[in-house]
Each structure stands twice: as C-alpha cells, then as structure tokens.
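Geometric and topological summary
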Amino acid sequence: MKLAKRVQSLMLGASLLAAGLPAWAVVDSEGGPAVRQLNFQQPVTRIAEEIYSLHNLMLVICLAIFIGVFGVMFYSILKHRRSLGHKPATFHESTAVEIAWTVVPFLIVIAMALPATKTVVAMKDTSNADITIKATGMQWKWGYDYLKGEGEGISFLSNLATPREQIGLPGQEATQPKGENYLLEVDNEMVVPVGKKIRMVFTANDVIHAWTIPAFAIKQDAIPGFVRDGWFKADKIGVYRGNCVELCGKDHAFMPIVVRVVSAEDYTAWVAGEKKKMAALADDPNKVWTIDELKTRGEQVYAANCVACHQANGKGVPNAFAALDGSQVVNGAKAHNIEVLLNGQDTPAYPAAMPAWKQLSDTEIAAVITYTRNTWSNKAAENIVQPAEVLAARSK
C-alpha cells in the first residue's frame with residue numbers, strides 16, 4: 001500500500017512538472033536557451049524542423065521497442081513462473097524466431113535510416129548559396145569574412161560583450177548581477193538576411209573550435225589547416241545565439257556566437273554601413289594624396305551622397321538646392337568649405353539647409369571638396385584639400 005501511494009505521488013508530481021514545462025519554456029535569453037527547457041530550441045530553419053521531427057520519431061520508436069520488449073519479458077516472468085505450475089519449454093531453437101528477430105530489427109533500422117539519411121544529405125548540400133561567410137575560430141573569439149554574395153569584402157571580429165564585472169575574476173565573486181544574455185552576447189553580431197541560403201566555411205588559426213547555433217541545427221568543427229562547411233537558411237527574423245562547443249582552452253566558455261537575421265532591406269542597409277566603416281578605417285588621414293587621386297575618389301563620394309540635391313552637372317535645383325558650379329563657397333577659402341561640410345549651413349535663399357556630413361571620413365570629405373573645386377567651371381585658387389586638414393578642422 002505504501003509503495004502504491006509513493007508511485008501515485010511520483011506520477012502526480014511528474015504530470016504537474018510536465019504541465020508547467022512547455023516545449024518552448026520561458027526564454028532565458030533572446031534567441032538562446034530557455035529556463036527549464038526539456039526539448040530542443042525552437043527551430044527556425046527547415047533542416048532544424050526535420051531534425052526535431054526525426055528526434056521525436058526516433059524517441060517514439062525506441063519507446064515502443066522498450067515497452068514491447070520489456071512488456072513481453074515481464075509478462076513471461078509473471079505469467080509463466082513456477083509458482084503457477086508452469087514448466088520450462090523443452091525446445092532448444094526455433095527457425096521462425098531466429099528469422100523474426102533478424103528481419104524485424106533490420107526493417108526497423110531501415111525505417112529509421114531512410115528519413116535520417118535524407119536529412120543528413122540535405123545538411124551537407126551547400127550548393128547554390130546566396131551568401132558565403134567564413135568563420136574563423138581563435139582563442140577566444142570568432143572572425144567573420146563575407147566571401148561571396150551581398151556584403152562581399154566585409155570582415156570583423158566578434159568578442160564576448162558580457163562585462164567582466166558580471167563574470168568575476170579567478171577566485172573572486174562578480175560585482176554586478178548577471179545580465180539577460182550572460183555569456184551569450186557579443187560586440188559584433190554576424191548579420192544575415194532572412195530566407196537566404198547562407199554557406200558557412202569553418203576553419204581555425206590555433207586549436208579546434210566548433211561553431212553552432214542550435215535554432216539553425218548547424219554544428220561544425222573549425223580545425224586549423226582544414227576547411228569544413230555547412231549551411232542554413234533562417235525563415236524567421238530574430239537574434240539567435242550559440243557558442244563554441246569544442247573545449248579549446250581556459251576561455252572556452254567566453255566565445256559566444258550571435259547571428260542576427262534581418263529583412264533584405266535591413267541587410268542591405270547594414271552592408272552599406274559596414275562598408276563605410278571599413279572604408280573609414282582603411283583611410284589614413286595623414287596620407288598625402290595627389291589631386292588626381294582625390295578627384296577620382298571625390299567623384300565617387302559625390303555620386304553616392306551629393307548628386308541627388310546638387311545634380312551631376314553641379315547646377316543644383318532652382319529654388320530648392322544651391323548650385324555648386326560657380327558657388328562662392330566652393331571657389332572661396334577652403335577652410336570655410338570644410339566647415340560647411342562638417343557642420344552644415346543655413347541657406348536662407350533655399351527651403352532646405354545644407355546638412356552636416358560628419359559621418360563621412362576625413363578622406364571622403366577632402367576628396368569631395370577637391371572634386372567640386374576642380375570640376376565644371378570651378379577653378380578655385382585653393383584647389384586641393386588633404387584629409388589631415390579635415391581632421392584638424394574636425395578636432396576644433
């Protein structure tokens with residue numbers, strides 16, 4: 001009686017626990033693991049959904065085999081025991097039984113292998129990718145290089161962003177409470193567009209690492225001297241988190257992976273922003289340029305940023321935007337010209353003021369000023385502006 005009551009209590013407790021733990025429990029971090037999570041993370045790719053379904057299918061098959069085998073075994077033990085008067089069988093072997101326990105497991109394995117093989121083959125098919133990104137593991141961060149597709153040429157490092165005050169030092173307690181995305185946040189997220197096939201190429205420059213995002217169902221070792229690949233196509237916009245899952249040294253726990261999936265429009269905007277950042281970092285403001293170099297670069301900057309208002313011929317738009325061809329500002333002192341581009345200028349003769357262009361690099365501003373001072377009918381006395389002059393004006 002006591003045993004029955006204990007079993008009943010355990011079953012009641014298990015049912016209550018299961019009721020309070022849905023498959024996608026309360027999220028502990030955006031795109032990361034969930035509190036008291038019993039199952040996989042919510043899949044956001046077709047492959048992840050297939051793996052999740054396979055997992056459940058295999059679990060059901062194994063459970064059915066377990067119940068069947070142990071059910072027959074315990075039934076035989078209980079119903080054919082000596083105390084009930086049963087005697088052991090005298091036959092030694094049975095051809096039918098031998099055939100049955102060979103053929104049935106074989107058919108079960110085939111039934112399990114067919115859908116699993118289909119998914120594994122699909123996981124390895126990296127052809128026809130829209131974007132190719134190389135992920136390089138290093139102690140202890142990730143490097144990303146966009147190799148093909150929109151964003152080609154973008155390169156950056158991704159480091160843990162969780163403050164050390166939340167982690168603590170060896171032998172010392174943390175001095176700040178842990179954040180929502182503790183140890184699963186980075187300073188530079190990998191950004192990809194939704195609905196596009198992303199081929200990932202993996203390698204490492206020191207020891208073996210492993211790149212994984214559970215919601216994408218992608219996991220691949222990054223091995224020094226070798227190139228491995230995989231792919232994913234996220235069907236839902238959001239932020240998804242993972243980390244290195246190959247023991248790689250003392251800071252193995254401190255190299256998370258964060259992928260932000262955005263719309264096609266937002267991705268294009270992100271690519272443009274990243275390329276501007278890279279161009280700004282690549283330009284040395286102390287470099288002395290020739291006038292031809294500045295004019296060539298300036299024409300590109302003008303076409304990208306100025307042509308909509310001032311027009312390709314520099315004539316502007318009557319009663320809307322000022323002309324640069326023959327402009328007193330463009331042909332006047334270059335210090336004032338630099339000041340106008342950096343800080344903008346009110347233009348009472350026109351409805352819209354000249355905006356500030358501080359977001360351009362020193363080289364871009366110097367180049368576009370030099371271009372306008374030497375183009376159309378303009379022949380400014382001070383016909384060249386170097387990036388160092390813009391840097392000096394920006395620092396005032």
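Each chain carries its own residue numbering, running from 1 in the direction its sequence is written. Note on the predicted model: pLDDT of at least 70 is required for a residue's local features to be given, and 80 or more for side-chain atom pairs to be given and counted; whole-chain, interface and lining totals, by contrast, use all residues. Note that the side-chain values use all heavy atoms of the structure and ignore hydrogens as well as water.

Another aspect to go through is the overall build of the protein chain. Helix numbers and strand numbers start at the N terminus; a helix is a DSSP run of H or I with at least 4 residues, a strand a run of E with at least 2. Of the regular secondary structure elements, the protein chain holds eleven helices and ten strands. A radius of gyration in this sense is built from C-alpha atoms; the matching globule rule multiplies 2.2 Å by the number of residues raised to 0.38. In terms of overall size, the protein chain is more extended than a compact globule, its C-alpha atoms giving a radius of gyration of 33 Å where 396 residues would be expected to give roughly 21 Å. A simple rule labels every residue: compare its accessible area, found with a 1.4 Å probe on the protein chains alone, to the largest value its type can have, and call it buried under 20%, exposed over 50%, or partly exposed in between. With 396 residues in all, the protein chain has 35% of them scored as buried. Every residue pair with non-hydrogen atoms within 4.5 Å of one another is taken to be in contact. Counted over contacts in the protein chain with a minimum sequence separation of 6, partners at least 24 positions apart contribute 62%. Accessibility throughout is a Shrake-Rupley quantity obtained with a 1.4 Å probe, and a residue counts as covered only by protein chains that appear here. Summed over all atoms, the accessible surface of the protein chain reaches about 23400 Å², with 61% contributed by carbon and sulfur. Here the protein chain contributes 39 positive and 38 negative side-chain charges, whose respective centroids are spaced 10 Å apart. This count recognises Lys and Arg as positive and Asp and Glu as negative, with His and chain-terminal groups excluded. To locate a charge, the coordinates of NZ of Lys, CZ of Arg, CG of Asp or CD of Glu are taken.

It is worth spelling out the nonpolar core at this point. Think of a nonpolar core as a cluster: buried Ala, Val, Leu, Ile, Met, Phe, Trp, Tyr and Cys residues, connected wherever their side-chain atoms sit within 4.5 Å. In this structure, Tyr146, Met190, Met200, Trp211, Phe216, Phe232 and Val259 are the most contacted members of the largest nonpolar core, which totals 35 residues. At the level of secondary structure, the elements contributing two or more residues to this core comprise strand E1 (131–138), strand E2 (141–148), strand E4 (190–193), strand E5 (198–204), strand E6 (209–213), strand E7 (218–222), strand E10 (256–262) and helix H5 (264–282). Every residue in contact with valine 259, bar those within four places of it in the chain, is listed here: Met190, Val192, Trp211, Ile213, Phe216, Phe232, Gly238, Val239 and Tyr240.

Let's shift gears to a nonpolar patch on the surface. Residues enter patches when their relative accessible area tops 30% and they take part in no salt bridge; the joining distance is 9 Å for like charges and 5 Å for the nonpolar side chains Val, Leu, Ile, Met, Phe, Trp and Tyr. A pairing counts as a salt bridge when a side-chain nitrogen of Lys or Arg comes within 4 Å of a carboxyl oxygen of Asp or Glu. The grouping of Leu63, Ile65, Phe66, Ile67, Val69, Phe70, Met73, Phe74, Ile77 and Leu78 at the surface amounts to a nonpolar patch, some 940 Å² of accessible area in total. Within the secondary structure, isoleucine 77 is located in helix H2 (residues 46–79).

Taken in spatial order, the five strands line up as E3-E2-E1-E5-E8 in an open sheet, and their pairing is mixed. Strand pairing shows two members of the sheet lacking a second neighbour, strand E3 (155–158) and strand E8 (228–232), which therefore form its edges. Averaged over all pairs of adjacent strands, the angle between strand axes in this sheet comes to 25°, irrespective of strand direction. Two strands form a pair only when DSSP identifies at least two bridges running between them. In this sheet, E2 lies alongside E1 in antiparallel orientation, the contact comprising seven bridges. Within E2, the position partnered with threonine 136 by the bridge is glycine 143. The axes are straight lines fitted to the C-alpha atoms, using for helices just the contacting stretch, and the angles between their N-to-C directions are given from 0 to 180°.

With that settled, consider helix H6 (residues 291–305). Along an α-helix, residues three or four apart share an orientation, since each turn contains 3.6 residues. The terminal C-alpha atoms of H6, which comprises 15 residues, lie 20 Å apart, in line with the 21 Å expected from a rise of 1.5 Å per residue. Those residues of H6 that fall on the buried side of the exposure criterion are Leu294, Arg297, Gly298, Val301, Tyr302 and Asn305. Take H6 and look down its axis: the buried residues cluster within an arc of 145°, on one side only. Those residues of H6 that are exposed and aimed more than 90 degrees away from the buried face are Asp292, Gln300 and Ala303. For a helix, the expected span equals 1.5 Å multiplied by the number of residues minus one. This arc corresponds to the set of directions leading from the helix axis out to the C-beta atoms.

Another point: the packing of H2 against helix H3 (residues 95–124). Running from N to C, H2 and H3 cross one another at 165°; their axes reach a closest spacing of 10 Å. Here H2 is positioned roughly antiparallel relative to H3, judged by the angle of their axes. Considering the relative orientation of H2 and H3, their crossing is left-handed. Residue-level inspection shows Ile47, Glu50, Ile51, Leu54, Leu57, Met58, Ile61 and Ile65 of H2 in contact with H3, the latter providing Ile108, Met112, Pro115, Ala116, Thr119, Ala122 and Met123. As a working rule, the residues Ala, Val, Leu, Ile, Met, Phe, Trp, Tyr, Cys and Pro are called nonpolar, Asp, Glu, Lys and Arg charged, and the rest polar, with Gly in that last group. The residue inventory of the contact of H2 with H3, partitioned by class, reads 13 nonpolar, one polar and one charged. Roughly parallel means an angle under 35 degrees; roughly antiparallel means over 145; roughly perpendicular covers 65 to 115; every other angle is labelled oblique. By the definition used in this description, the sense in which the near helix is turned from the far one sets the handedness, with an anticlockwise turn below a right angle giving left-handed and a clockwise turn giving right-handed.

Next up on the list: the sheet that holds E4. Strand order across the open sheet formed by three strands is E4-E10-E9, with mixed pairing between neighbours. With one partner strand each, in any of the chains shown, E4 and strand E9 (238–243) form the two edges of the open sheet. In this sheet, neighbouring strand axes are inclined to one another by 25° on average, regardless of whether the strands run parallel or antiparallel. Inspection of the sheet shows E4 paired to E10 by four bridges, in the parallel sense. For proline 193, the partnering residue across the bridge sits in E10 and is valine 262.

Now for the packing of helix H9 (residues 334–343) against helix H10 (residues 362–373). The geometry of H9 relative to H10 is characterised by a closest axis approach of 11 Å and an angle of 125° between their N-to-C directions. In terms of orientation, H9 lies oblique with respect to H10. Considering the relative orientation of H9 and H10, their crossing is right-handed. When H9 is examined against H10, the residues Lys334, Asn337, Ile338, Leu341 and Leu342 are found in contact with a partner set consisting of Ile365, Val368, Ile369 and Arg373.

This next bit is on the confidence of the model for the protein chain. Each residue carries a pLDDT score, the predictor's own confidence in it, on a scale running from 0 to 100. Scored by pLDDT, the protein chain comes out at a mean of 86, with 92% of its residues at no less than 70. The element-level mean pLDDT for the protein chain is lowest in helix H1 (residues 2–19), coming to 40, with E4 highest at 96.

Each Phe, Tyr or Trp ring (for Trp, its six-membered ring) is paired with any other whose centre lies within 6.5 Å, and the angle between the two planes then decides the class: stacked below 30 degrees, edge-to-face above 60, tilted in between. Enumeration over the complete set of coordinates arrives at 14 aromatic pairs. An angle of 40° between the planes, with centres 6.2 Å apart, marks the rings of tyrosine 146 and phenylalanine 156 as tilted. Of this pair, tyrosine 146 sits in strand E2 while phenylalanine 156 sits in strand E3, and the two are ten residues apart along the sequence. The same class applies to tyrosine 146 and to phenylalanine 156, which are both buried. Clustering of aromatic rings is evident, with ring pairs tying together Tyr144, Tyr146, Phe156, Tyr267 and Trp270. The rule is short: NZ of Lys or CZ of Arg within 6 Å of the ring centre and within 35 degrees of the ring normal puts a charge over the ring. Here the basic side chain of lysine 287 rests over the ring of tryptophan 289, its NZ or CZ set 4.1 Å away from the ring centre.

Of the two faces of E7, only the one carrying Ile218, Gln220 and Ala222 is buried; Lys219 and Asp221 on the other face are not. Judged from the five bridges that link them, E6 and E7 form a sheet pairing that is antiparallel. Bridged to histidine 209 within E7 is alanine 222. Remark: four residues form the turn of the hairpin made by E6 and E7, two consecutive strands paired antiparallel; alanine 217 in that turn has positive phi of roughly 60°.

With that settled, consider the pattern of salt bridges. Taken as a whole, this structure holds nine salt bridges when the rule is applied. A salt bridge links aspartate 251 to lysine 250; the shortest N-O distance between them is 3.3 Å. Overall, aspartate 251 belongs to the buried group, its relative accessible area being 17%. In this structure, arginine 297 engages aspartate 283 in a salt bridge whose closest nitrogen and oxygen atoms are separated by 2.7 Å. You can see arginine 297 sitting in helix H6 and its partner aspartate 283 sitting in the loop between H5 and H6, a full 14 residues away along the chain. Looking at arginine 297, the relative accessible area reads 15%, which means it is buried. Exposure remark for aspartate 283: the relative accessible area of 15% places this residue in the buried category.

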